[in-house]
Amino acid sequence: MKVLLIGSGGREHALAWKIAQSPRLEHLYAAPGNPGIAEHATLVSLDIEDHAAVISFSKDKNIDFVVIGPEAPLVAGLADDLCAAGIATFGPSKAAAQLEGSKGFTKDLCARYDIPTGAYQRFKSAEPAKAYVREQGAPIVIKADGLAAGKGVTVAMSEADALAAIDDCFDGAFGAAGAEVVVEAFLDGEEASFFCLSDGKTALALATAQDHKRVGDGDTGPNTGGMGAYSPAPVMTPAMVERTMKDIIEPTIKGMARDGNPFSGVFFAGLMMTQKGPELIEYNVRFGDPECQVLMMRLKSDLLPILYATATGTLDQVTVEWSDDAALTVVLASKGYPASYDKNTPIAHVPDAREDAKVFHAGTTLKDGQLVATGGRVLNVTALGKNVTEAQARAYALAKDVTWDNGFSRSDIGWQAVARENAT
Ligand code: AMP
Ligand code: GLY
């Protein structure tokens, strides 16, 4: 099979690494890719916003299958355009990608199909939103409706913070994404991420993970795209996975199909394990970054036929096998991230993969032969271990061998799971 992978982050490096191991693969292309992905794929400098260019490249190279990594091209309808051109594509349609593209869309779906989630209201202007906040009281959660690169959510512990967050949204802090606001009840509990494939009819549960959104040790400081993750998530016991499938994923698949937006791709469900059981915080319609890196480390099955079955409606014919080991990834980021940081800082050394440990590239590029950091999140040092404690030790040991003066990482990725493991 000739495959084109769209994207350039650590998530796509992990997908490329795994797809490249498939006996079914004839050739892998990636657009735009990164120097890590280049170990497994031919990089193509396509403008992925130019759907016609992606289609014409795919036709030219006889691409059998396109795998879309990030959310932006999905929300922009790249999967629809590729499918219309007769090219099998992994990733939901523009209509189905609203599950990530509009928080209000997802909340309305939950209300229609009785999917457990926090009570909410949608608002198009500040005053009624503020009145609702005053009526409900704090803690309360304010969300810009649209895509805001993970920054559009304020968990307000006081009414004043909630009112200020409403002003921020309507004053344009998140651009068009904040033109509508969702005000949502605060959910208390431990968070977990759950990944599940759907071809529109069948659901295939993948695995669970937990990430670390805050930039600082002990989960302090501002939110980021994710500073590290591990899999599996201990709170997601088999019983909780079963409840999530029955109460959240299956009604979503049926509801989306009934509403005329059948969902094909991966559900990345952000869950809060409350006293009532799992409740939906949000859906993403692509793999998590860096959650994908730990999932791919644990995946024993051939990824390519699983993704292809998802795209072609034959998910009922595949099964998926996971390592019982834990995987953990540590993000190395540019000093200053998530605020401003220097670009093009040299990375002198990235260690080779070791048994069960590998560095995935995210925001890197080659400049005159020198590897440099161009993004906020730059390298993902990922390892397997018999438990999270061992995976953590292996990942940090490998991270020590990276030579990059402008890089930093958290030193405690996996701390909750490690504390649990060492208490027993
Ligand atoms: P989201 O972008 O929707 O994932 O929200 C970012 C983070 O805000 C989540 O990972 C949670 O930690 C937190 N959050 C979002 N919604 C709620 C909620 N209703 N109750 C408590 N925390 C929330
Ligand atoms: N790590 C969170 C995300 O991919 O959205």
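Summary of the structure given here. Being a predicted model, the structure only gives us computed values, none of them experimental.

About the cut-offs
- Residues numbered from 1 in each chain as written.
- Chains lettered and ligands numbered in written order.
- Predicted model: local features only at pLDDT ≥ 70, side-chain atom pairs only at ≥ 80, totals over all residues.
- Heavy atoms only, no water.
- Pairing = 2+ DSSP bridges.
- Helix = DSSP H or I, 4+ residues; strand = E, 2+ residues; numbered from the N terminus.
- Axes fitted to C-alpha atoms, helices over the stretch in contact; angles between N-to-C directions.
- Contact = heavy atoms within 4.5 Å.
- Polar contact = N/O pair within 3.5 Å; in protein donor to acceptor, adjacent residues only side chain to side chain.
- Core = buried A, V, L, I, M, F, W, Y, C linked by side-chain atoms within 4.5 Å.
- Buried < 20%, exposed > 50% of the residue type's maximum accessible area, 1.4 Å probe, protein only.
- Phe/Tyr/Trp six-rings, centres within 6.5 Å; stacked < 30°, edge-to-face > 60°.
- Lys NZ or Arg CZ within 6 Å of the ring centre and 35° of its normal.

Some points on the sheet that holds strand S8 (residues 153-156)
The strands making up a sheet associate through backbone hydrogen bonding, with each pair oriented either parallel or antiparallel. If you walk across this open sheet you meet the four strands as S6-S9-S7-S8, and the pairing is antiparallel. In the strand order of this sheet, the two ends are held by strand S6 (120-123) and S8, each with one partner. Ignoring which end each strand starts from, the neighbouring axes of this sheet average 15° apart. The sheet contacts of helix H6 (residues 103-113) involve S6, strand S7 (140-144), S8 and strand S9 (181-185), and relative to S6 the element is tilted by about 140°. Taken strand by strand, helix H7 (residues 126-136) contacts S6, S7 and S9, and its axis lies near 160° from that of S6.

Brief notes about the side chain of His40
If you trace the backbone, His40 turns up in the loop between strand S2 (27-32) and strand S3 (42-43). At 3.3 Å, the side chain of His40 forms a polar contact with the side chain of His13. Other than its neighbours up to four places away in sequence, His40 contacts His13, Ala16, Trp17, Ala20, Leu28 and Lys358.

Regarding the nonpolar core
Side chains of a nonpolar character, in soluble globular proteins, are inclined to be buried together. The biggest cluster of nonpolar side chains holds 46 residues, and the ones touching the most others in it are Leu4, Leu99, Phe194 and Met236. For this core, the element with the most residues is helix H9 (residues 238-258), which contributes six residues. Excluding residues within four positions of it along the chain, Met236 makes contact with Ala192, Phe194, Thr208, Val241, Thr244, Leu271 and Met273. By size, the runner-up hydrophobic cluster in this structure holds 45 residues, among which are Met1, Leu204, Phe287 and Cys292.

Regarding the packing of aromatic side chains
Inspection of the entire model under this criterion finds ten aromatic pairs. Relative to Tyr283, the ring of Phe267 has its centre 5.2 Å away and its plane inclined at 40°; by these criteria the two rings are tilted. With Phe267 in strand S15 (residues 265-274) and Tyr283 in strand S16 (residues 277-284), this pair connects stretches of sequence that are 16 residues apart. On the basis of relative accessibility, which here comes to 0%, the residue Phe267 falls in the buried class. What makes Tyr283 buried here is its relative accessible area of 2%. Grouping aromatic residues by their ring pairs yields a cluster made of Phe90, Phe195, Phe268 and Phe287. The positively charged end of Lys18 is found above the aromatic ring belonging to Trp17, 6.0 Å away from the centroid.

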